[in-house]
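# Structure assessment
Here is what each chain is made of, one letter per residue.
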Amino acid sequence: MHSSLVLHWTIELEQIKYIGEHIIEGKIGFFLLQLVFVFALLSFVFSLLSFLATSKKEIYKTLTQSSFTIHSIALFSSIGLLFYFIFNGFYEYHYVWQHSSKALPLRYIFSCFWEGQEGSFLLWLFWNALIGLFIFYRYKNQNASVLLIGFLGTQTLLSSMLLGIELGGIQIGSNPFNLLLREHLDFMHMPLFTDANYLEKLDGRGLNPLLQNYWMTIHPPTLFLGFALCGIPFSMAIGAMLSQDYSTYFNKALPWTFLSIGVLGIGILMGGAWAYEALSFGGFWAWDPVENASLVPWILMVCAGHMLLIYKAKRAHIKTTLFFLYLSFVTLVYSTFLTRSGILGDTSVHAFVDLGLNGQLLFFLLSIIVLPIVIFILNYPSKAAKEELFWSKEFWMYMANTFLLLSALQITLSTSLPVMNKIMDFIGITGTKLAPSSNIISHYHKFQIPILIVFLVFFSGAQWLYYTKDHIRRLQSKIIYGTVLSLLSGILIYLLLPSNFGVGIEFSGSSFLKSSQHLINKSLFIVLLIALIFALYANLSAVKKISQSFGSLIAHVGFIFILLGALLSMGTQKVISKNSSGIDIQSLSTELENSDNILLYKNDTLNMPPYYLVYRGMQQDGIYTRYRVDFLNRNSNGNYSEAFTLYPSVQKNQNMGNVSEPDTKHYLDKDIYAHVTYALLEPLEQKDRDQYTEKPKTHLVQQGDTFFTSNAMVILKSINKAMNTEDLGLDKKDIAVGAFLEVKDMTKNTYQAKPIFVVDQKGIVKTLYSDIDELGLRFVFSKIDPDNFSFQIDSYEKNKNYKEFIVLKTLEFKYINLLWMGCILLLGGCLIAVFKRIGFTQ
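Everything numeric here is computed off the predicted structure, so don't read it as measured data.

## Regarding the overall build of the protein
Along its length, the protein carries 22 helices and 23 strands. Residues classed as buried in the protein amount to 53% of the 842 residues present. Counting only contacts in the protein whose residues sit at least 6 apart along the sequence, the fraction spanning at least 24 positions is 70%.

Printed below as a string of structure tokens:
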């Protein structure tokens, strides 16, 4: 049906000679993507033949590398062409139209490229191609073809996602070079496209306003570089199973594993930095399903890296090492399925829309799951590992990995609830839906914090031990000394922290659990704080022992700082904007809380301890409206001095809705974080001062009740139920009810207003408003509730009545810089471990 409609539509379009379309360029792009897939497939086939063949191995190796080179050239060319389309605004192409626009600042062109599914697949393929070319060059004297069998298979599957063809009614891939009017039925018969010169009037839909941030120009490339790097240890694990040469392949996999840990970890944390600076939920991690989907492969890659270290020391635990190398990449591909299938559309703001590729994505996932298992069974490692002694380093590392695996399992299960619901629907189990917790952060903390505490114990103990053997007494003395020091340090730090320290965890069940919740929350966070101090001490006290692996120390300390910064910033986070304006903010919106927001009139000074705030006004900056807010200090003489100024903003977007963007003042020990929760988008001076507001304020009152406008107090004095309709110019059969309002301004002058509620003989409700011109007020009697003897009076005010204002929410994040410092240390430690201690093994 779809194909016949497209054909019919194409025939109609051929009758119009469109002006300015770049058809040939699109066909070139489509052809290049076919080459990308064909030569990825050929390189994979030739790499298999180079392993399986008994003769002509060198020929197959050469063909593998040549095919991959052609694949890469075609890929780079298609990427360059798509960038060219976006840069020049070729809106006749659906991908360009969907993700770009004429008003978009040039600095976000890169974000347009990888906002959509097709662009992000190209980005992943791009990094894979660069890494593949590097490996072919690096290992040119060895059998790189076998090294990359799994990698080339993955590249082939990824390339198929961009084919954009249909076979037997099944869509294979999505082509970013699709024309808007040829392949997309949504645009059929729209009046714009009956004009042969439609391109002069056509503009793109534009980039999602949430992605118009500098972090989104570097976060996706870093994250996908991490994804690409994770494919190398996976591929080398397959090579090890095929060749049964575990020593060679595991040694080669070691530096790539730690490089992927560093890069993927930084990519994830960049996403946290984007959320912190661009989103207004007030934090850097919300346990969003897409965030979780990238975190789980990183956790498992950390496990794989440390199992490789154990193997390097003991030449043991082959199966466990293969398990973690395999599982880390499987969960990465599973995360791709989750985010791209549309299955998380209702639970995550980060997920892609469904492009109809669910079957293909599922095939991709099943291929990555099944084929390595088959290879493992056919090449089952026969060497069994000996049981480790309790006081050996291997045992403690093994136990630490076990709890990391448990952490990853809990995150995966909670994230996969939509998948489980789909499976139940598929097998016919109806009426039961697994719903995520109403407090998602509390849900994850409830499980992850206890797991993390136990992990830190084993992680810390492993630092003091040696591979193969150690003495239990030495371990006991270290643990006792470290525990005492950590307890004393933890208690001292806790005493210095604010009394509100601890993030809430909700419990259900018995009244005992509920009544003890506060104590449980504090206890968990204090124990976690002590465990982190214990881990920090363990790593620093082991400096002499690990002087040959300085990178490990730096990475470990960075990891601890990330957790410590997250714990302290979340545990001490507080809202400092309490409304002291005397005006109920909920009259503006029921979603606003007076306990979390402060209303600021222009040029008025308002106390918000420990600061005084002054809203100075707004300024237009392209698509942004920026609001200047001065934060002042007040000295003992009552004089004010400026502490700092913030410019929170609202990004205007007619297509996707306006987005509030926070601004932050960074100190060494804290951040002050502010965002606008309610504001005008243009100065009042630009509006007609004598026009009434479009939306009224609604007042549900009874006789004798009082309500307020911006400049007056209003009392409903009485209700006249027997008004003469003919005197009002109405039909005598109409029913009219009048409200008598007494209005007093700020100087106690009294005015009267008499709005009227009318029901005509046909039962249609009408209203006759009443104005008080001196005060710029209009009253409308809009509803009668006979059951409660109450009446709805709507008040409108002229724009000149209003003074410009904003509603601001301000938070204080203490010790957040520990987290950002930890990010730098983690990446630095991983890079040192790769290039100094381990090196890219020849």
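Text resumes after the structure shown.
## Some remarks on unusual backbone geometry
The omega torsion of the bond from Pro609 to Pro610 falls at 5 degrees, within 30 degrees of zero and hence cis. Looking at where Pro610 falls in the secondary structure, it is placed in the loop between β5 (605-608) and β6 (611-621). Unusually for a residue other than glycine, Phe789 sits at a positive phi of about 55 degrees. Here Phe789 is to be found in the loop between β21 (777-785) and β22 (790-797). Here Tyr815, not a glycine, exhibits a phi torsion of approximately 60 degrees, which is positive. Of note, Tyr815 is situated in the loop between β23 (805-814) and α22 (816-838).

## What to know about the sheet that holds strand β13 (residues 697-701)
One key point about sheets: their strands pair by backbone hydrogen bonds, in either a parallel or an antiparallel sense. On the basis of which strands lie adjacent, the open sheet formed by four strands has the order β13-β22-β21-β20 and antiparallel pairing. What marks the edges here is a single partner per strand, and that holds for β13 and β20 (770-772). Along the sheet, successive strands turn relative to each other by an average axial angle of 25 degrees, direction set aside. Two strands pair when backbone bridges link them, and β13 and β22 are joined in this way by five bridges, in the antiparallel orientation. By the bridge assignment for β22, Leu700 is matched with Gln792.

## Points about empty space enclosed by the protein
Across all of its chains, the model carries two cavities of 30 Å³ or more by this definition. Taken together, Asn292, Ala293, Val296, Thr331, Tyr334, Ser335, Leu338, Ile411, Thr412, Thr415 and Ser416 make up the full set of residues lining the largest cavity. Those elements that provide at least two residues to the lining of the largest cavity are α12 (289-314), α13 (318-340) and α15 (393-415). Grouping the constituent residues of the lining of the largest cavity by class yields five nonpolar, six polar and no charged. What the second largest cavity holds in volume is close to 40 Å³. Along the walls of the second largest cavity sit Trp124, Asn128, Phe151, Thr154, Phe227, Ala228, Gly231 and Phe329, which together make up its complete lining. Contributions of two or more residues to the lining of the second largest cavity are made by α6 (117-138), α8 (149-160) and α10 (215-243). For the lining of the second largest cavity, the element with the highest residue contribution is α10, accounting for three residues. Residue composition of the lining of the second largest cavity, by class: five nonpolar, three polar and no charged.

## Remarks on helix α3 (residues 57-87)
The end-to-end C-alpha separation of α3 is 45 Å, in line with the 45 Å expected for 31 residues at 1.5 Å each. The positive-phi residue at the C-terminal boundary of α3 is Gly89, with phi of around 65 degrees.

## A look at the nonpolar core
Core analysis: the biggest nonpolar cluster contains 177 residues, and Phe250, Trp256, Trp298, Phe455 and Leu456 have the highest contact counts within it. If one sorts the elements of this core by residue count, helix α11 (residues 246-278) sits on top with 20 residues. Contact partners of Phe250, with chain neighbours within four places excluded, come to Ala240, Leu308, Tyr311, Ile318, Thr321, Leu322 and Leu325.

## Section: the pattern of salt bridges
Under the counting rule described, the total for this entry stands at 11 salt bridges. The partner of Glu812 in a salt bridge is Lys670, with the nearest N and O atoms 3.7 Å apart. Of the two residues, Glu812 sits in strand β23 while Lys670 sits in strand β12 (residues 670-679), which places them 142 residues apart along the sequence. Residue Glu812 shares its accessibility class with Lys670, and that shared class is buried. What you see here is one network of salt bridges that share partners, running through Arg616, Arg628, Asp630 and Glu642.

## Some details on α13
With 23 residues, α13 should cover 33 Å at 1.5 Å per step; its first-to-last C-alpha distance of 33 Å lies within 8% of that length. Buried residues dominate α13, accounting for 21 of its 23 residues.

## Re the packing of aromatic side chains
Tallied over the full model, the rule gives 47 aromatic pairs. Judged by centre distance (5.8 Å) and plane angle (55 degrees), the ring pair of Tyr276 and Trp820 falls under tilted. One end of the pair, Tyr276, is in helix α11; the other, Trp820, is in helix α22, and 544 residues separate them in sequence. Tyr276 gets classed as buried once you look at its relative accessible area, which sits at 1%. Here the aromatic rings of Tyr615 and Tyr627 are separated by 6.4 Å at their centres, their planes lie at 45 degrees, and the arrangement is tilted. Here Tyr615 is found in strand β6, whereas its partner Tyr627 is found in strand β7 (residues 624-634), with 12 residues between them in sequence. Taking the relative accessible area as the measure of exposure, Tyr615 reaches 0% and is therefore buried. Take Tyr627: its relative accessible area is 0%, and that puts it in the buried class. Through a chain of ring-to-ring contacts, three or more aromatic side chains come together here, namely Tyr84, Phe85, Phe90, Tyr93 and Phe177.

## A closer look at the side chain of Asn539
As for its position among the elements, Asn539 is in helix α20 (residues 517-541). With relative accessibility at 0%, the residue Asn539 sits in the buried group. Sequence-distant contacts of Asn539, defined by excluding residues within four places in its chain, comprise Phe459, Gln463, Leu553, His556 and Ile560.

## Notes on the pairing of β12
Every other side chain in a regular strand lies on the same face of the sheet, so the side chains alternate between the two faces. Among the 10 residues that make up β12, seven are buried, leaving the element largely enclosed by the rest of the structure. Relative to β12, strand β11 (residues 663-666) runs antiparallel, the two sharing four bridges. Bridge assignment links Asp663 to a residue of β12, and that residue is Ala674. Between the end of β11 and the start of β12, which pair antiparallel, lie three residues. As defined by bridge partners, β12 adjoins β23 across nine bridges and the pair is classed as antiparallel. Residue pairing in the sheet places Asp671 in a bridge with Phe813 of β23.

## Structural notes on a nonpolar patch on the surface
Side chains of Leu362, Leu366, Val370, Val374 and Leu378 sit close together on the surface and give an oily, nonpolar patch of about 440 Å² of accessible area. Position of Val370 among the secondary structure elements: in helix α14 (residues 358-378). With a relative accessible area of 42%, Val370 lands in the partly exposed category.

## Quick notes on the environment of Lys652
Within the element layout of this structure, Lys652 appears in the loop between β9 (649-651) and β10 (659-661). Overall, the relative accessible area of 29% leaves Lys652 in the partly exposed class. Polar contacts involving the side chain of Lys652 include one to the side chain of Gln620, which spans 2.8 Å.

## A closer look at the environment of Ile149
Residue position: Ile149 is located in helix α8. As a C-alpha pair, Ile149 and Phe44 span 105 residues in sequence and 6.3 Å in three-dimensional space. In this structure, Ile149 is in contact with Phe44, Ser47, Leu48, Phe51, Ser235 and Leu242, ignoring residues within four places of it in sequence.

## Topic: the pairing of strand β17 (residues 750-753)
The alternating pattern of β17 places Tyr751 and Ala753 on a buried face and Thr750 and Gln752 on a face that is not buried. Across four bridges, strand β16 (residues 735-745) lies against β17 in antiparallel orientation. Directly across from Leu741, in β17, lies its bridge partner Ala753.

Rules used throughout
Residues numbered from 1 in each chain as written. Predicted model: local features only at pLDDT ≥ 70, side-chain atom pairs only at ≥ 80, totals over all residues. Heavy atoms only, no water. Helix = DSSP H or I, 4+ residues; strand = E, 2+ residues; numbered from the N terminus. Buried < 20%, exposed > 50% of the residue type's maximum accessible area, 1.4 Å probe, protein only. Contact = heavy atoms within 4.5 Å. Pairing = 2+ DSSP bridges. Axes fitted to C-alpha atoms, helices over the stretch in contact; angles between N-to-C directions. 1 Å grid on protein atoms, 1.4 Å probe; cavity = no way out; pocket = protein on both sides within 12 Å on 5 of 7 lines; lining within 4 Å. Points joined across faces, edges and corners; volume = space filled by probe spheres on them. Nonpolar A, V, L, I, M, F, W, Y, C, P; charged D, E, K, R; others polar. Expected span 1.5 Å × (residues − 1). Core = buried A, V, L, I, M, F, W, Y, C linked by side-chain atoms within 4.5 Å. Salt bridge = Lys/Arg side-chain N within 4 Å of Asp/Glu carboxyl O. Phe/Tyr/Trp six-rings, centres within 6.5 Å; stacked < 30°, edge-to-face > 60°. Patch = residues over 30% accessible without salt bridge, like charges linked within 9 Å, V, L, I, M, F, W, Y side chains within 5 Å. Areas by Shrake-Rupley, 256 points an atom, 1.4 Å probe, with all protein chains shown as cover. Polar contact = N/O pair within 3.5 Å; in protein donor to acceptor, adjacent residues only side chain to side chain.

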